[in-house]
Amino acid sequence: PKPPAEASQGSLDGAAAAEALLALPPVPEGAQSGGSSSSASVPRPPPPPAPPQAPKAPMTPRPQQNHRPPRPPWAGQRFPGPPTDADNSISCPRPLAQRLSMEGFAALNEMGQETGARVSLRERQDSEGGPHFVITGLPQARDKAKLHLRAWLDVNSRILSGGTSLPQVPSPP
């Protein structure tokens, strides 16, 4: 593009015209536009000084913050058995324990949601051995869960032994 000093208003196109206009000094108030090009240009006032800034502190790295809460003193310790308010009186036959495990213990989670107790399956560490249910929670919730577990064991034991879980109803004639 042509330098703005050489350009005349009649010979400019689009971008060149805009560039030429930006290069011209501003017209002071009260001055007539369209006057001769020999008029003296008014100097622009200097920009205002920058506000004083406080001295910046040197950059220091932040200490690493762990977003996890502190671990309680008993965390990571193995407890010898179920909580003292737990009921572990119901044994589970090994085939049913394996079935529960294969299903991801969904039946136990469902029982817990329905009864308000926590139901889990563990191996006995005493002389009896074998899997057993551990039921924790409020006494009413534990009683509901025990009733629910016994019903589940009854139904699923019949299915495993080849029996049916529901009595046969004769079909209508």
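Just so you know, these numbers come straight off a predicted model, no measurement behind them.

What counts, and where the lines are drawn
- Residues numbered from 1 in each chain as written.
- Predicted model: local features only at pLDDT ≥ 70, side-chain atom pairs only at ≥ 80, totals over all residues.
- Heavy atoms only, no water.
- Helix = DSSP H or I, 4+ residues; strand = E, 2+ residues; numbered from the N terminus.
- Buried < 20%, exposed > 50% of the residue type's maximum accessible area, 1.4 Å probe, protein only.
- Contact = heavy atoms within 4.5 Å.
- Salt bridge = Lys/Arg side-chain N within 4 Å of Asp/Glu carboxyl O.
- Pairing = 2+ DSSP bridges.
- Axes fitted to C-alpha atoms, helices over the stretch in contact; angles between N-to-C directions.
- Parallel < 35°, antiparallel > 145°, perpendicular 65-115°, else oblique.
- Left-handed = near helix turned anticlockwise from the far one by under 90°.
- Nonpolar A, V, L, I, M, F, W, Y, C, P; charged D, E, K, R; others polar.

Colleague: Looking at this model, I keep getting lost on the side chain of S120. Mind explaining?
Modeller: One can find S120 in strand β1 (residues 118–123). For S120, a relative accessible area of 14% translates into the label buried. In this view, S120 contacts L108, H132, F133 and V134; residues no more than four positions away in its chain are not counted.

Colleague: Looking at this structure, I do not really get the pattern of salt bridges. What am I missing?
Modeller: Oppositely charged side chains can pair when the atoms bearing their charge come close. One pass over the structure, following the stated rule, counts 4 salt bridges. Linking R94 and E123 is a salt bridge whose minimum nitrogen-to-oxygen distance equals 3.0 Å. You can see R94 sitting in helix α2 (residues 94–102) and its partner E123 sitting in strand β1, a full 29 residues away along the chain.

Colleague: It is not clear to me how the pairing of strand β2 (residues 131–136) should be interpreted in this structure. Could you clarify?
Modeller: In the case of a regular strand, side chains alternate between the two sheet surfaces. Among the 6 residues in β2, 6 count as buried, and that is most of the element. Here β2 shows two buried faces, one formed by P131, F133 and I135 and the other by H132, V134 and T136. Pairing of β1 with β2, which is carried by 6 bridges, proceeds in the antiparallel orientation. Across the sheet, residue E123 finds its bridge partner in β2, namely P131.

Colleague: Sorry, what's going on with the packing of helix α3 (residues 106–115) against helix α4 (residues 139–160) here?
Modeller: Two quantities define a packed helix pair, namely the angle between the helix axes and the distance between the axes. Look at α3 against α4: their axes get within 9 Å of each other, and the N-to-C directions meet at 140 degrees. It follows that α3 is oblique to α4 by the angle criterion. Considering how the two elements wind past one another, α3 and α4 form a crossing that is right-handed. Of the residues in α4, those touching α3 at A107, L108, M111, E114 and T115 are A141, K144, A145, H148, L149 and W152. Its residues placed into classes, the contact of α3 with α4 shows 7 nonpolar, 2 polar and 2 charged.

Colleague: Would you take a moment to explain the environment of R122 for this structure?
Modeller: For R122, the position within the fold is in strand β1. Its relative accessible area of 34% is what places R122 among the partly exposed residues. Distance in space between the C-alpha atoms of R122 and V134 is 7.0 Å, their sequence separation being 12 residues.

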